[in-house]
Amino acid sequence: AGAFAVTVGSAITRTEHTTAWFRDALADAYGTADDRPVLAIDIGGTKSMAALISGRKVLERTRVPTAAGGTPDGWLSAIHAATCGWHGRYGAVGIAATGLVEDGVWQALNRATLNIPDRYPLKDKAEALFGAPVFALNDAQAAAWGEYLATGKTMGSIVFLTISTGIGGGVVSKGTLMTGLAGHFGLTRSASGGTAPLEDRVSGKFVAAETARLGHEEDTPAVFKAAANGEAWAADIVDGSAAKVATLCADIKLMFDPDAIVIGGGIGLADGFLTRVSQHLAALPPRLRPELVAARCGAEAGLIGVADLARGNNQDKCII
Ligand code: BMX
């Protein structure tokens with residue numbers, strides 16, 4: 001009768017069927033059919049954060065302390081308890097954790113930052129607890145990815161450095177996030193004269209220990225305030241740390257030649273710290289001088305980065 005095609009049955013009477021075919025075909029082409037938010041978790045040496053994230057938008061957030069004498073089971077169940085009201089609203093879980101995370105297995109590199117036992121099955125345990133697929137990665141590597149996304153992927157390469165309880169780092173080289181051990185700058189020894197891991201001479205733990213050793217009672221923000229007010233003991237602690245970070249940044253520039261070194265973390269973003277690091281780099285020839293910028297996503301870079309990866313968007317950009 002000249003018809004090009006004839007359609008019979010539920011394709012006409014049940015339009016939701018044809019809609020579903022489109023939905024499934026798009027999911028096959030672009031990844032997951034589950035467009036629910038991601039539960040993103042960041043387990044740090046001092047505190048843990050959790051957020052419900054849709055795209056790069058944080059819908060809900062909460063935080064719980066990471067109990068110093070605790071265990072991974074305990075840290076996870078504290079986070080689970082704090083987020084149980086969100087259950088059913090997320091389709092995947094992303095975990096950014098301090099320490100080495102490989103193939104879903106977690107361990108400490110520096111037990112002074114967090115005492116994680118060897119080979120803890122983080123992915124399996126978290127999947128059983130949260131009832132959703134889990135993607136897990138080192139905290140600073142996740143933050144490097146979050147900061148890279150925040151640049152709109154306009155830079156070819158960035159190195160991210162977080163100076164907090166320890167010193168973490170992540171490398172995005174030509175749009176590819178390096179995983180495994182790559183970026184664990186806090187464990188390097190060159191900038192501390194080879195005597196100890198760099199983070200033992202610079203990070204939040206060091207500032208607190210030095211302050212106590214000198215007989216002062218200030219907490220870390222107060223030490224930075226005292227340094228800004230010109231109190232010599234505090235300025236010595238802050239400037240000594242800044243000088244070592246400057247040496248590290250100069251070395252990173254020679255190793256990776258990134259477009260920028262993005263600095264984050266409680267110490268890294270503390271008042272005046274970045275300025276002091278830059279002052280120590282001022283004498284370098286311009287070609288060798290790293291470009292330092294403050295983290296755009298602040299403390300949430302790791303949550304945003306791991307949420308993107310947990311969604312499956314960019315996992316093929318990771319090299320393990
Ligand atoms: C340590 C190491 C890194 C981590 C960094 C920052 C452990 C437990 N952690 O170098 O994996 O990225 O600290 O961690 O070995 P944070 O807790 O200070 O953010």
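The paragraphs below set out a description of the structure included in this document. (Residues numbered from 1 in each chain as written. Predicted model: local features only at pLDDT ≥ 70, side-chain atom pairs only at ≥ 80, totals over all residues. Heavy atoms only, no water.)

1. Considerations on the packing of helix H5 (residues 139–150) against helix H10 (residues 301–310)
The interhelical angle for the contact between H5 and H10, taken along N-to-C directions, is 85°, at an axis separation of 6 Å. The angle between H5 and H10 places the two elements in the roughly perpendicular class. Between H5 and H10, the contacting residues are Asp139, Ala142, Ala143, Trp145, Gly146, Glu147 and Leu149 on the first element and Ala301, Gly302, Ile304, Gly305, Val306, Asp308 and Leu309 on the second. When its residues are assigned to classes, the contact of H5 with H10 shows eight nonpolar, three polar and three charged. (Axes fitted to C-alpha atoms, helices over the stretch in contact; angles between N-to-C directions. Helix = DSSP H or I, 4+ residues; strand = E, 2+ residues; numbered from the N terminus. Parallel < 35°, antiparallel > 145°, perpendicular 65-115°, else oblique. Contact = heavy atoms within 4.5 Å. Nonpolar A, V, L, I, M, F, W, Y, C, P; charged D, E, K, R; others polar.)

2. Digging into the layout of surface pockets
In this structure, the largest pocket encloses a volume near 830 Å³. Around the largest pocket sit 44 residues that line it, and Thr162, Ser164, Thr165, Gly265 and Gly266 are the ones nearest its centre. Listed by contribution, the elements that provide at least two residues to the lining of the largest pocket are strand S2 (47–54), H5, strand S8 (158–163), strand S9 (167–173), helix H6 (204–213), helix H7 (220–228) and H10. When residues are assigned to domains, the lining of the largest pocket turns out to be shared by domain 1 (36–143 + 306–313) and domain 2 (152–295), each giving three or more. (1 Å grid on protein atoms, 1.4 Å probe; cavity = no way out; pocket = protein on both sides within 12 Å on 5 of 7 lines; lining within 4 Å. Points joined across faces, edges and corners; volume = space filled by probe spheres on them. Domains from an automatic or database assignment.)

3. Things to note about the site of the ligand
Near the ligand lie 20 residues; those nearest to it are Gly99, Leu109, Asp139, Gly166 and Glu199. Interatomic distance of 3.0 Å between a side-chain N/O atom of asparagine 138 and an oxygen atom of the ligand. In this structure, threonine 165 approaches the ligand through a main-chain N or O atom, which is 3.2 Å from an oxygen atom. Taken by itself the ligand offers 460 Å² of open surface, and the protein chains cover 97% of this. (Near = heavy atom within 4 Å. Polar contact = N/O pair within 3.5 Å; in protein donor to acceptor, adjacent residues only side chain to side chain. Areas by Shrake-Rupley, 256 points an atom, 1.4 Å probe, with all protein chains shown as cover.)

4. Some points on the sheet that holds strand S7 (residues 134–138)
Judged by pairing direction, the sheet is mixed, and its five strands sit side by side in the order S3-S2-S1-S4-S7 without closing on themselves. A single partner strand is all that each edge strand has here, and the edge strands are strand S3 (57–65) and S7. In this sheet, neighbouring strand axes are inclined to one another by 15° on average, regardless of whether the strands run parallel or antiparallel. Here six bridges tie strand S1 (residues 38–43) to S2, and the two strands are oriented antiparallel to one another. Bridging from a neighbouring strand, isoleucine 43 pairs with serine 48 of S2. Along the sheet, H5 makes contact with S1, strand S4 (92–97) and S7, crossing S7 at roughly 100°. (Pairing = 2+ DSSP bridges.)

5. Examining the packing of aromatic side chains
This model, assessed by the stated rule, comprises five aromatic pairs. Seen in terms of ring centroids, tryptophan 75 and tryptophan 106 are 6.0 Å apart; in terms of plane orientation they differ by 70°. Their pairing is edge-to-face. One end of the pair, tryptophan 75, is in helix H3 (residues 72–83); the other, tryptophan 106, is in strand S6 (residues 105–107), with 31 residues separating them in the sequence. We classify tryptophan 75 as buried; its relative accessible area is 4%. By relative accessible area, which is 0% here, tryptophan 106 ends up buried. An angle of 70° between the planes, with centres 6.1 Å apart, marks the rings of tryptophan 106 and tyrosine 120 as edge-to-face. Here tryptophan 106 is found in strand S6, whereas its partner tyrosine 120 is found in the loop between S6 and helix H4 (122–130), with 14 residues between them in sequence. (Phe/Tyr/Trp six-rings, centres within 6.5 Å; stacked < 30°, edge-to-face > 60°. Buried < 20%, exposed > 50% of the residue type's maximum accessible area, 1.4 Å probe, protein only.)

6. As for the nonpolar core
Formed by 35 residues in total, the largest nonpolar core has its most connected members in Leu161, Ile163, Val245, Cys249, Phe273 and Val277. Going through the elements one at a time, S8, S9, H6, H7, helix H8 (232–256), strand S11 (260–264) and helix H9 (273–281) are the ones with two or more residues in this core. When residues of this core are assigned to their parent elements, the largest contribution, twelve residues, is made by H8. Non-local contacts of valine 245, meaning those with residues more than four positions away in its chain, are made with Leu161, Ile163, Val202, Phe273 and Val277. Ranked by size, the runner-up nonpolar core spans 31 residues in total, among them Val38, Val58, Ala142 and Phe160. (Core = buried A, V, L, I, M, F, W, Y, C linked by side-chain atoms within 4.5 Å.)

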